[in-house]
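Single-letter residue listing:
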Amino acid sequence: QVQLVESGGGLVQTGGSLRLSCAASGSIFSINNMGWYRQAAGKQRDVVAAITRGGTTNYADSVKGRFTISRDNAKNTVYLQMASLKPEDTAVYYCNADILLSRQRRNDYWGQGTQVTVSS
């Protein structure tokens, strides 16, 4: 089975930095888009950043200029480098991947979530 395993969350002070990682494993034919989402307590899950297989990126306005998404296709891994963190960035962060299991089978997968807390 395919799994996405996240790491890198934690507690950081305002203005600090963190790097999140998400590695996909299992029987994978290829991975198309990958992305990061976040969900604050009592709120809906919103997209933070996304990246195509070729490296084209998109960011939510709230994180543009502070966060950088990247990927290593050889390792089936996506990263989120977060800088200049603010208390409003506090949330559970989830990675997402659009994965082809074969030329005929495609599924959307989610990581288990990792908590990011920014103290004020």
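For the structure, see preceding data.
First, a word on scope: everything that follows refers to the structure included in this document. (Residues numbered from 1 in each chain as written. Predicted model: local features only at pLDDT ≥ 70, side-chain atom pairs only at ≥ 80, totals over all residues. Heavy atoms only, no water.)

## Quick word on the sheet that holds strand β1 (residues 3-7)
Strand order in the open sheet formed by four strands is β1-β3-β8-β7, with antiparallel pairing between adjacent strands. One side of each edge strand has no neighbouring strand; the edge strands of this open sheet are β1 and β7 (67-72). Averaged over all pairs of adjacent strands, the angle between strand axes in this sheet comes to 15°, irrespective of strand direction. Relative to strand β3 (residues 18-25), β1 runs antiparallel, the two sharing five bridges. Its bridge partner being in β3, Leu4 is matched across the sheet by Ala24. (Pairing = 2+ DSSP bridges. Helix = DSSP H or I, 4+ residues; strand = E, 2+ residues; numbered from the N terminus. Axes fitted to C-alpha atoms, helices over the stretch in contact; angles between N-to-C directions.)

## Thoughts on unusual backbone geometry
With a phi close to 50°, Asn76 is a non-glycine residue in the positive phi region. A residue is classified by how much of its surface remains accessible, and Asn76, at 25% relative accessible area, is partly exposed. Phi is positive for Ser84, close to 50°, though the residue is something other than glycine. As for its position among the elements, Ser84 is in the loop between β8 (77-82) and β9 (91-100). (Buried < 20%, exposed > 50% of the residue type's maximum accessible area, 1.4 Å probe, protein only.)

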